[in-house]
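Chain by chain, the residues:
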Amino acid sequence: MSDNINSRTARRQKQVTEQPKRPQKKLPDQLWKKILLGIAALFLLVLVGGASLFAYYASTAPELDEELLKDPLTSNFLTKDGDVFMKFGAEKREFVPYDEIPEKLKDAILATEDIRFFKHGGIDFYRLGGAVVANFRSGFGSQGASTLTQQVIKNSFLKNEKTLKRKAQEAWLAHKLEKEYTKEEIFEMYFNKVLMSGTRYGIGTGANYFYGKKVGELDLPEMAMLAGMPQSPNGYNPFKHPERAEKRRNIVLTLMERHGKITTAEMNEAKKVPVTSTLLAEEDREVFGKYPAYVDAVLDEIEAAGFTDLLSEGVTVQTALDPNVQETVEAAINNSSYYESDEMQAGMTVLDTKTSAIVAIGGGRNYSGRNLNFAEVKRAPGSSIKPILSYGPAIEELDWSTGQKVVDEPYSYKGSGVAIGNADGKFLGTLTMRQALYWSRNIPAVQTFEKVGPKKAEAFANKLGFTYKSIDSSNALGGGDEFSTVQMAGAYAAFGNGGIYTKPHTVNKLILRDGKTEKNLRPDPVTAMKDSTAYMITDVLRDVLTEYGATGTRANIGNMDIAGKTGTTNYSAEKMKKDNMESHYVPDTWFTGYTTEYTISTWGGYGDFSPIKTYDHGRYVPQNLFRDVMSSIAKDPGTFVQPDSVEEAAIVKGSDPIMLASSFISRNLISNELFVRGTLPKKASVPEKISIPSPEGLTAQFDANSNTIQLQWNYDVPNKYSSLGSPTFNVSVSIDGGGAQSITTTSDKQTTYSGVEYGKNYTFHVSATMGGYTSGSATASLSIKGADEPVIEDEPIVEPDENIDDQNNTEDDPSDNDTGNDNDSNNENPNQSDQDGSTNQGGNNSSNDQNNLDQNEDQGQTNPDQGQGQSQNQGQTNQGQGNQGNQGNPGQGQGQKPNDAGETSSDSSTN
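Keep in mind the model is a prediction, meaning the values are calculated, not measured.

**Let's talk about the sheet that holds strand β5 (residues 316-319)**
Strand order in this open sheet of five strands is β2-β1-β5-β13-β14, and the pairing throughout is mixed. Because the sheet does not close on itself, it has two edges, and the strands there are β2 (84-88) and β14 (518-520). Neighbouring strand axes in the sheet, compared pairwise and without regard to direction, differ in orientation by 20° on average. As paired strands, strand β1 (residues 75-78) and β5 are joined by three bridges and run parallel to one another. Bridge pairing in β5 places N76 opposite T316.

In structure tokens form, the structure reads like this:
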């Protein structure tokens, strides 16, 4: 039975497998014919439609005009009030006939722009095919195939638009031009009409301007440079952008070699020539016309928008220039009395705070358009970046109050472990965010940046016009990426404009020759941050100009509501050692400030990064220029108005979480701070005084036998602090002026530092921590001489008595500072201790001694405000005989106020 079943199953399977395949259906021949006819009809329709559209566009094209072909029309540049301040293209040109153009220069132009120029009839279809493929891949307009003939047409008659109409008219007129003129005549038109830079047309004009030569006198590298410039006339200007210009020149040389116009040896030899080596000396260059720095910015902006070709068409350029402000800026920057040397430079940008329209630009001292425009040159911003990368994002993202507790204590970068320091080498302990910003302390800025997170900090900066290649904690101190005064002014204007950012701009619109068609170049405003963030940062930056010990007091103008921030960069330790620089030498100094009316950003330094060596005529140049210009141009700036999104309350300084102050809290522990509405604490604090004293009597003794340094200090805990628990002590060391590195945290009042090296200088810091509060630090220094030399030991710091309950908290008026006291090396106060650690005892050195009050920004002198009239300098004691100093308690009772604490852009310190 099973055999039968198997056999039936097998037979069924065999029947299934042997079933004949069904024939596939084929499209009827008639249907194929219909499809083909449809495709042909569609192609014909497209062809006829395209031809008809081309014919229509061609019929509306302008007529060829020989005058327009050979000479550019004059364009008018208008001030904000509509007055003409420059006629563009009206200057004399060097016309060069075709037969006087050197063959190598012709080859350079053809190899770069149109190698088949003498073979096509105005349109290069071979080259056009490649461009079409590229445009299909990357989008219309991504790659052009314009011949020299088409470029002549575009520069003479047509709008600079990537549209089918313009391309059709360009092709038709190119065809007509080829019929009416010879190739040589067309080449001559291009050669003499192309824009070379600024307001200079024609390669012959460029040869004279850049090299002081006729075209027949040019060398191969110079020919290649001039041939490559028309692609970006201002961007490849070798006077201002030599590196970019040299790259472009080398591309032209490569193309010449590729097309057989020069040999490989000639190419390599020409590439070795530095692009700047044959340029005219600066003193021999042609002087530009009126307001050259501003015109530079206008031309750069028009080029970036892709409208450079329109300048030869007789357009009207409506700018934001205010001639009165521009002339004020130029007069201030050219005032030699501000500078430490004839070589020192400055750059400045002045914006309308509400619109970010650039009303004036200072390109540098005696700027003539033939050198670097220092308003647009990018340099490291130093501590000017702190509101942008640290504290602005913290308020925006974390709802920080201006009274948020931060701690200035020994700290290292996460990841690298590199120690961070302040320029004064000290740590002030517990502070509010407000104090940390207006005293420009470095460690709180880095810690704040890390709490916000690099991504959120970068996103905040991006909205203010800052783009970073990569970002880490060092950027929070202004290291890494570089920015211009234009960018800095734009960002700070947003703080002064309720958080609304508009990209800085000089040009509002271009009006074409018909008087009706306009090209709007005014950027759209965007919301970069909440109005609460903008106002809270502004309120803190007010204190930068007014608070005792703040870094920007020299920029202050009485009875004017101003906010602003300083910035200073520094050199690496290796460079300072290599070049034998003094400790206070820096490469860059900044001040950016604003009112409700104007925002001004100013930079000072040297074009070649030489060191700024002095203070009043060096580091303070930006503040002095700001004060000069702002006081002259301000009309009625008014005051910054607190928005409803912000509320103010009295808090206990350094409390964490923040506690509202009750009537029982001592006045010197109270600070009026701002909060984002809805984040105010609900209850007032208990009547508890929480500031803690600093360690006292720190001594450092070297034991040659064990090669160690023994550290000891005193510390008494007042009864009122017993509830905070037992103190612990944070001990750190700075070696040869470097950043402080943590040694240990201990509950003892002594410790041992081992591994001492001869020939090194050691500075030790000890601060106390109780109940989450950190004091200021005691400091002692020790210089370990050679093995056969005696060791010079520091005498102990004599710490002032701290009277927490004292209500006499009057601070010195910052306006009383002696701004003319240029303490370049921290040794102008005769009561200051020598740098080797010895102690000088002198006359009156109280806390309102004018020499101490005006210790220079970034040099890092701390001015104790504790009642004994003593000045600390890295553990060195000056015992004055004057009156009791003020018993102020800034921060959290550490009784110290930094006097212009230092700033840097690298691993050390910034302001």
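**Describing the confidence of the model for the chain**
Per-residue confidence for the chain averages 79 on the pLDDT scale, and 73% of its residues sit at or above 70. Across residues 129-144, where pLDDT falls below 50, the model places 14 contacts with residues more than four positions away in sequence or in other chains.

**Here we look at the nonpolar core**
Formed by 90 residues in total, the largest nonpolar core has its most connected members in V350, I388, L464, F466, F495 and L625. Examining the composition of this core, we find that eight residues originate from one element, helix α20 (residues 531-546), more than from any other. Discounting residues that sit within four places of it in the chain, I388 has contacts with P393, A457, F460, A461, L464, F466, M488, A491, Y492 and F495. In terms of nonpolar packing, the next biggest core, distinct from the first, is built from 49 residues, Y190, L220, V252 and M256 among them.

**Observations regarding the pairing of strand β21 (residues 696-703)**
In terms of strand pairing, β21 meets strand β22 (residues 708-714) through six bridges, oriented antiparallel. In the sheet register, E696 faces β22, and the bridge partner there is N714. Counting the residues between successive antiparallel strands, the hairpin from β21 to β22 contains four residues, one of them, N707, with a positive phi of roughly 55°.

**A few points about the packing of aromatic side chains**
Counting across every chain of the model gives 23 aromatic pairs. Consider the rings of Y594 and F640, whose centres lie 5.5 Å apart with planes at 75°: the pair is edge-to-face. In this pair, Y594 is assigned in strand β17 (residues 588-594) and F640 in the loop between α23 (621-633) and β19 (646-652), connecting sequence segments 46 residues apart. F640 shares its class with Y594; the two are buried. Taken together, the ring pairs in this structure connect Y98, F117, F118 and F187 into an aromatic cluster.

**So, the environment of G216**
The residue G216 is located in the loop between α9 (203-211) and α10 (220-228) in this model. According to the relative accessible area criterion, G216 is exposed, its value standing at 60%. Through-space distance from the C-alpha of G216 to that of G204 is 9.6 Å; in sequence the pair is 12 residues apart.

**Concerning the pattern of salt bridges**
Applying the stated criterion to the full structure yields 20 salt bridges. We note a salt bridge from R441 to D424, for which the minimum N-O separation is 3.0 Å. Of this pair, R441 sits in the loop between α16 (433-438) and α17 (442-452) while D424 sits in the loop between β10 (419-420) and β11 (429-432), and the two are 17 residues apart along the sequence. R441 sits in the buried class, given a relative accessible area of 0%. Here E518 ties to K509 by a salt bridge, and the two come within 3.4 Å at their closest N and O atoms. A residue is classified by how much of its surface remains accessible, and K509, at 26% relative accessible area, is partly exposed.

**Quick word on unusual backbone geometry**
It is generally the case that most residues other than glycine have a negative phi and that most peptide bonds are trans. With an omega of 5°, the peptide bond running from D656 to P657 counts as cis. With a phi close to 60°, S356 is a non-glycine residue in the positive phi region. Mapped onto the fold, S356 is located in the loop between β6 (345-352) and β7 (358-362). The exposure class of S356 is buried, given its relative accessible area of 3%. Residue F609 is not a glycine yet carries a positive backbone phi of 65°. Turning to its location among the elements, F609 is positioned in the loop between β18 (598-605) and α22 (615-619). By relative accessible area, F609 is classed as partly exposed at 39%.

**Let's talk about the packing of helix α11 (residues 242-258) against helix α12 (residues 264-271)**
Closest axis-to-axis distance for the α11/α12 pair is 9 Å, and the angle between their directions is 175°. It follows from the interaxial angle that α11 and α12 lie roughly antiparallel. Taking contact as the criterion, the partners of R249, N250, L253, T254 and E257 in α11 are, on α12, T264, M267, A270 and K271. Across the contact of α11 with α12, the residue classes break down as three nonpolar, three polar and three charged.

**Quick notes on the packing of helix α4 (residues 103-113) against α11**
For the pair α4 and α11, the least separation of the axes is 9 Å and the interaxial angle reads 95°. When the axes of α4 and α11 are compared, the pair comes out roughly perpendicular. Here K104, D107, A108, A111, T112 and E113 of α4 lie close against α11, whose contacting residues are R248, V252, L255 and M256. Taken together, the residues of the contact of α4 with α11 break down into five nonpolar, one polar and four charged.

**Describing the pairing of β2**
Pairing of β1 with β2, which is carried by four bridges, proceeds in the antiparallel orientation. Counted as the bridge partner of F77 is M86 from β2. Here β1 folds back onto β2, and the loop between the two strands holds five residues, one of which, G82, carries a positive phi near 90°.

Definitions and cut-offs
Residues numbered from 1 in each chain as written. Predicted model: local features only at pLDDT ≥ 70, side-chain atom pairs only at ≥ 80, totals over all residues. Heavy atoms only, no water. Pairing = 2+ DSSP bridges. Helix = DSSP H or I, 4+ residues; strand = E, 2+ residues; numbered from the N terminus. Axes fitted to C-alpha atoms, helices over the stretch in contact; angles between N-to-C directions. pLDDT = per-residue confidence, 0-100. Contact = heavy atoms within 4.5 Å. Core = buried A, V, L, I, M, F, W, Y, C linked by side-chain atoms within 4.5 Å. Buried < 20%, exposed > 50% of the residue type's maximum accessible area, 1.4 Å probe, protein only. Phe/Tyr/Trp six-rings, centres within 6.5 Å; stacked < 30°, edge-to-face > 60°. Salt bridge = Lys/Arg side-chain N within 4 Å of Asp/Glu carboxyl O. Parallel < 35°, antiparallel > 145°, perpendicular 65-115°, else oblique. Nonpolar A, V, L, I, M, F, W, Y, C, P; charged D, E, K, R; others polar.

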